[in-house]
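# Coordinate inspection notes
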Amino acid sequence: MKSVLIKLGVVVGLAIGAVALTAMNTAAQDSEPPDEHTVAMREKLEQAQLLLEGIAREDFAVIQHSAEELERLSIDAQWMHIESAEYGDYGVQFRTAVKRTAKMAREKNVEGVTMSFMQVIMSCVQCHQGTPASGEVAMLFPQPAVR
Ligand code: HEC
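In short, a report on the structure. (Residues numbered from 1 in each chain as written. Predicted model: local features only at pLDDT ≥ 70, side-chain atom pairs only at ≥ 80, totals over all residues.)

## Some points on the packing of helix 2 (residues 36-57) against helix 3 (residues 60-75)
- Two numbers describe how helix 2 lies on helix 3: the axes approach to 8 Å, and their chain directions differ by 160°. Considering their axes alone, helix 2 and helix 3 lie roughly antiparallel with respect to each other. The handedness of the crossing between helix 2 and helix 3 is left-handed. In this structure, helix 2 uses Ala40, Glu43, Lys44, Gln47, Leu50, Leu51, Glu53, Gly54 and Ile55 to contact helix 3, whose residues at the interface are Val62, Ile63, Ser66, Ala67, Glu69, Leu70 and Leu73.
- Looking at side-chain class alone, the contact of helix 2 with helix 3 contains 9 nonpolar, 3 polar and 4 charged residues. (Axes fitted to C-alpha atoms, helices over the stretch in contact; angles between N-to-C directions. Helix = DSSP H or I, 4+ residues; strand = E, 2+ residues; numbered from the N terminus. Parallel < 35°, antiparallel > 145°, perpendicular 65-115°, else oblique. Left-handed = near helix turned anticlockwise from the far one by under 90°. Contact = placed C-beta atoms within 7 Å. Nonpolar A, V, L, I, M, F, W, Y, C, P; charged D, E, K, R; others polar.)

## A short note on the environment of glutamine 129
- Tracing the sequence through the fold places glutamine 129 in helix 5 (residues 110-129).
- On the basis of neighbour count, glutamine 129 is assigned to the exposed category, with 11 C-beta atoms found within 10 Å.
- Placed 110 residues apart in sequence, glutamine 129 and valine 19 show a C-alpha to C-alpha distance of 9.9 Å. (Buried ≥ 20, exposed ≤ 12 C-beta atoms within 10 Å, placed from the backbone.)

All quantities given are derived from atomic positions and should not be read as evidence of function.
What follows is the structure, given as structure tokens:
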């Protein structure tokens, strides 16, 4: 069990690194003071990192808290603005995945949390890259059925 968790932790850790890198490329293009989107995104990154720590320590209180913070960020007014513009599907995908992560945390299902969290990370990356929100990712990381 522990070794499975450690492997999952490594995969998720690498994925978060990738999100940070693609995001930094975007950020490096302009040097103006951060606007609300940027602040919200940085908060997302921070919560995603905390969530990973929660998974690694199997601390469901931390996981649930971070997942709920991510959910809050996803319904933030500023965020809706980005969403409604051109990122609609990714925003929906992101919110569905964070909700599921919080649900899995409440159920103390660490594997469910990890799989849902992978969906969260995929939605970060997909939105940043603007790749089609197709079913491909869902096939790579099938979700545990919601009971
Ligand atoms: C619905 C689309 C969307 C999703 C989902 C999304 N982002 Fe972003 N992100 C953006 C956009 C657009 C930018 C660039 C403009 C900006 O900073 O507002 C950005 C920029 C960033 C930045 C750079 C901010 C800076 O310092 O300039 C970080 C970090 C970031 N995102 C992290 C994340 C993380 C972590 C997730 C997932 C937990 C995530 N994002 C999910 C759209 C998204």
